[in-house]
Amino acid sequence: TPDQRWDYSLTLDWETTTTAGGVPKCTEKLCWKGLQKNYRGPLQTTASGRKCQKWTVQAPQKHSRTEANYPNSGLGDHNYCRNPDNEEGGAWCYTTNPYQRWDYCSAPRCTDSDKYCWDGLQKSYRGPKQTTRKGKQCQKWTAQSPHKHSRTETNYPDEGL
């Protein structure tokens, strides 16, 4: 029904929700500044395209960068890029390739990724998400079918619709 709250966009099938449709909050440190010491995003592939090895695994790369040795560095039972030892090149990971021990990751800069997360009313979100958190396809803002609506670029010229 038209009285139900939409997910973050119009959906092809109405959906009641109070979340941001799976879009991360800007405070979740999905981007980096400086040495990327506080990067906590889900990137798990190196800049050269290699898959990252879990920090809790010691093969194929044996290492000392563990949660116990580097507390509060974001290490754990995952293979996400991190910078536990203040490497000058930023976030990195050990690779699952036995011939390449480690590599840097291409974590997004915060100035570039702010539009891919939300805060407050989510008015500044401009990311590529096209499905709701329940997996329903979003209706384009320019379409009036299957749901007729008044959220058009003409009615809201500065909203990025």
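Residues numbered from 1 in each chain as written. Predicted model: local features only at pLDDT ≥ 70, side-chain atom pairs only at ≥ 80, totals over all residues. Heavy atoms only, no water.

(A) Spotlight on the overall build of the protein. From N to C terminus, the protein includes one helix and two strands. Tracing the protein from N to C terminus, the helices and strands come up as β-β-α. Taking all 161 residues of the protein together, 33% fall into the buried category. (Helix = DSSP H or I, 4+ residues; strand = E, 2+ residues; numbered from the N terminus. Buried < 20%, exposed > 50% of the residue type's maximum accessible area, 1.4 Å probe, protein only.)

(B) Region of interest: the nonpolar core. Among the nonpolar cores identified, the biggest contains 11 residues, and these are Tyr39, Cys52, Trp55, Leu75, Cys81, Ala91, Trp92, Cys93, Tyr94, Cys105 and Ala107. Residue contacts for Tyr94: discarding those within four places in its chain leaves Lys51, Cys52, Gln53, Trp55, Gln61, His63, Arg65, Arg101 and Trp102. (Core = buried A, V, L, I, M, F, W, Y, C linked by side-chain atoms within 4.5 Å. Contact = heavy atoms within 4.5 Å.)

(C) A look at the pattern of salt bridges. Throughout the structure, instances matching the rule amount to two salt bridges. Ionic pairing is found between Lys54 and Asp77, a salt bridge with its closest N-O pair at 3.4 Å. Residue Lys54 is located in the segment before strand S1 (92–94), and its partner Asp77 is located in the segment before S1; the two are separated by 23 residues in the primary sequence. The exposure class assigned to Lys54 is partly exposed, which follows from its relative accessible area of 35%. Given a relative accessible area of 56%, Asp77 falls into the exposed group. Note that Asp85 is salt-bridged to Arg65, the shortest N-O span being 3.0 Å. (Salt bridge = Lys/Arg side-chain N within 4 Å of Asp/Glu carboxyl O.)

(D) Region of the structure containing the confidence of the model for the protein. Summing up the model confidence of the protein, the mean pLDDT is 77 and the portion of residues at 70 or higher is 66%. Taken element by element, the protein is modelled with least confidence in helix H1 (residues 110–113), mean pLDDT 55, and with most confidence in S1, mean pLDDT 96. pLDDT under 50 marks residues 1–20. Its contacts with residues more than four places away, or in other chains, come to 58 contacts. (pLDDT = per-residue confidence, 0-100.)

(E) Geometry of the packing of aromatic side chains. Taken as a whole and judged by the stated rule, the model has five aromatic pairs. Here the aromatic rings of Trp92 and Tyr94 are separated by 4.9 Å at their centres, their planes lie at 85°, and the arrangement is edge-to-face. Like Tyr94, Trp92 is buried. Here the aromatic cluster, defined as three or more aromatic residues joined through ring pairs, consists of Trp55, Trp92, Tyr94, Trp102 and Tyr104. (Phe/Tyr/Trp six-rings, centres within 6.5 Å; stacked < 30°, edge-to-face > 60°.)

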